[in-house]
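Spelled out, the chains give:
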Amino acid sequence: MIFPRRLVGPLALAVLVCAAGCSTGRVVVPITLDASALARPAHVKDFTTHEATVRGIAAILTTSLGLPVPPHVTVYVYSSRPVFEQGLIKDARISPVRAAELSDFAIGVGKRGQLLLHRETHDPRGREWLRLLAHELAHVAQIELAQGEGRAEQWLAEGMAEWVAFTVLDRLSLDTLGRRRALARAAARVHPAVTERRLDLGALGSPRGFTLSHLRDGSKSTYQLAFVMTDYLIARAGFDRVVAYFSAFATDGDRERAFQHAFGQSREEFGREVADHLAVR
């Protein structure tokens, strides 16, 4: 549940933030998300605090995309990479080895009921900050659907999170899904795994394999490839089938069987199909 590298409002929130760790470079914001009370934001100008931003994005996920959100989410914002690394260990309970690896390239991690973010911007309404929050909140929704972490294909988890993030930006009139799709398709078609005909969804399906891919082939291009493959899958089968795929893991942990049932073909068959699709100029 990672996002590759690429605030504060009213006095009450400022007091909460400082009490939670201003002196240590760690901000903690607990947020209650009552799905029945979430209202879609009228304008991005309403995103004046972390809480307002997360609630607004959660409203888009629930009302526009039918995704679940947990009743409570805790947002952690870290001021530097060393602090981020320690936060992954202490707050997210990630192993020190994995935390060191993630903190080297990631700016966000979504866990069950948690958003852990390395602050690279001070603008709470900036497009990339909102994209990061939407991406990680999509991972939180995936965990709610699957009732657990790391059960689905990693490339599909990351690709869906990107698709959701771009859709949120589209809904907020900050970008368009079509523009992001065109940029990602152009990049995916020259991704080494495509040009060298070595697209391996089995490897990209594991967290470790996905990490190795973007360390080897480039972080941005690998995420764009994951997005394009997921976008192709959504165009063919529908977003509801992707939601059903993640939901299947609540009762069945078999990744291959879940993919076959949700999309009507094996992962390997889809891999050959999407590779042929991307190879067409």
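Within each chain, residue numbers correspond to sequence positions counted from 1 in written order. Reporting of local features is limited, given that this is a predicted model, to residues whose pLDDT is at least 70; pairs of side-chain atoms are given and counted only at 80 or more, and all residues count toward the totals for whole chains, interfaces and linings. Hydrogens are left out, water is left out, and the side-chain values use all remaining heavy atoms of the structure.

(A) Spotlight on the packing of aromatic side chains. Stacked, edge-to-face and tilted are the three classes for Phe, Tyr and Trp ring pairs, Trp counted by its six-membered ring, which pair at centre distances within 6.5 Å; planes under 30 degrees apart are stacked, over 60 edge-to-face, the rest tilted. Per the stated rule, a full pass over the model turns up 14 aromatic pairs. Summarising the aromatic geometry, the rings of Tyr232 and Phe270 are spaced 6.1 Å apart at their centres and angled 40 degrees between planes, so their arrangement reads as tilted. Linking Tyr232 in helix H11 (residues 219-237) with Phe270 in helix H14 (residues 267-279), this pair joins segments that are 38 residues apart in sequence. Pairing Phe259 with Phe270 gives two aromatic rings, centres 5.9 Å apart and planes at 50 degrees, and the pair type is tilted. One end of the pair, Phe259, is in helix H13 (residues 255-263); the other, Phe270, is in helix H14, and eleven residues separate them in sequence. Put simply, DSSP marks the helices as runs of H or I at least four residues long and the strands as runs of E at least two long, and each gets a number from the N terminus on.

(B) Representation of the environment of Gln114 in the model. On the secondary structure map, Gln114 appears in strand E5 (residues 114-118). Here the alpha-carbon distance between Gln114 and Thr74, two residues 40 residues apart in the chain, equals 4.9 Å.

(C) Examining the packing of helix H6 (residues 154-171) against helix H12 (residues 239-248) more closely. Between N-to-C directions, angles span 0 to 180 degrees; the directions come from axes that are lines fitted to C-alpha atoms, helices contributing only their stretch in contact. Two elements in contact, H6 and H12, have axes whose closest approach is 12 Å; the angle formed by their N-to-C orientations is 135 degrees. Judged by the inter-axis angle, H6 sits oblique to H12. Classified by chirality, the crossing of H12 by H6 is left-handed. Contacts between H6 and H12 pair Leu156, Ala157, Met160, Trp163 and Val164 from the former with Phe239, Val242, Tyr245 and Phe246 from the latter. Amino acids outside the nonpolar list (Ala, Val, Leu, Ile, Met, Phe, Trp, Tyr, Cys, Pro) and the charged list (Asp, Glu, Lys, Arg) are all regarded as polar, and Gly is one of them. Looking at the contact of H6 with H12 residue by residue, the classes come out as nine nonpolar, no polar and no charged. Relative orientations are named as follows: roughly parallel for angles under 35 degrees, roughly antiparallel for angles over 145 degrees, roughly perpendicular for angles from 65 to 115 degrees, and oblique for any other angle. Handedness of a helix crossing follows the sense of rotation of the near helix relative to the far helix, less than a right angle counterclockwise being left-handed and clockwise being right-handed. Contact criterion: two residues are considered in contact whenever any of their non-hydrogen atoms come within 4.5 Å of each other.

(D) Focus on helix H7 (residues 177-188). Residue count minus one, scaled by 1.5 Å, sets the expected span of a helix. Look at H7: 16 Å from first C-alpha to last across twelve residues, which is about the 16 Å you get at 1.5 Å a residue. The buried label goes to any residue with under 20% of its type's maximum accessible area, the exposed label to any with over 50%, and the partly exposed label to all in between, with areas taken from a 1.4 Å probe on protein chains only. Among the residues making up H7, those that are buried are Leu177, Arg180, Ala184, Ala187 and Ala188. Taken end-on, H7 shows its buried residues confined to a sector of 95 degrees, consistent with a single buried face. Turning to H7, the residues buried within the fold contact helix H5 (127-146), H6, helix H8 (192-195), H11 and H14. Working definition: the arc comes from the directions between the helix axis and the C-beta atoms, pointing outward to the latter.

(E) Geometry of the nonpolar core. Grouping buried Ala, Val, Leu, Ile, Met, Phe, Trp, Tyr and Cys residues that are joined through side-chain atoms within 4.5 Å yields what is termed a nonpolar core. With 77 residues, the main nonpolar core has Leu67, Trp155, Val164 and Tyr245 as its most contacted residues. Core analysis: the next-biggest nonpolar cluster, separate from the first, contains 13 residues, Tyr76, Leu88, Ile94 and Ala99 among them.

(F) Fine view of the pattern of salt bridges. Salt bridge, as applied in this entry: a Lys or Arg side-chain nitrogen positioned within 4 Å of an Asp or Glu carboxyl oxygen. Going through the model one piece at a time under the given rule, you end up with 23 salt bridges. Beyond isolated ion pairs, a larger network of salt bridges with shared partners links Arg127, Glu128, Arg131, Glu162, Asp175, Arg179 and Arg180.

(G) Highlighting the packing of helix H10 (residues 207-217) against H11. Their axes nearest at 6 Å, the elements H10 and H11 cross at an angle of 130 degrees. The pairing of H10 with H11 is recorded here as oblique in orientation. Where H10 approaches H11, its residues Phe210, Ser213, His214 and Asp217 are matched on the opposing element by Ser219, Ser221, Thr222, Tyr223 and Ala226.

(H) Here's a closer look at the pairing of strand E3 (residues 72-78). In terms of burial, E3 is a largely internal element, six of the seven residues being buried. At least two bridges found by DSSP between two strands is the condition for calling them paired. In terms of strand pairing, strand E2 (residues 26-32) meets E3 through seven bridges, oriented antiparallel. Within E3, the residue paired with Thr32 across the bridge is His72. Here E3 runs beside E5; their pairing, made up of five bridges, is parallel. Looking at the pairing, Tyr78 lines up with His118 of E5.

(I) How the structure looks around unusual backbone geometry. Of note in the backbone geometry, Gln147 takes a positive phi value of approximately 55 degrees without being a glycine. Within the fold, Gln147 resides in the loop between H5 and H6. You can call Gln147 partly exposed: its relative accessible area is 40%.

(J) Structural view of the confidence of the model for the protein. Known as pLDDT, the predictor's per-residue confidence is scaled from 0 to 100. Counting all residues, the mean pLDDT for the protein is 88, and 90% of those residues have values of 70 or more. Below a pLDDT of 50 lies the segment residues 5-23, which in the model reaches 35 contacts outside its immediate sequence neighbourhood of four places, other chains included.

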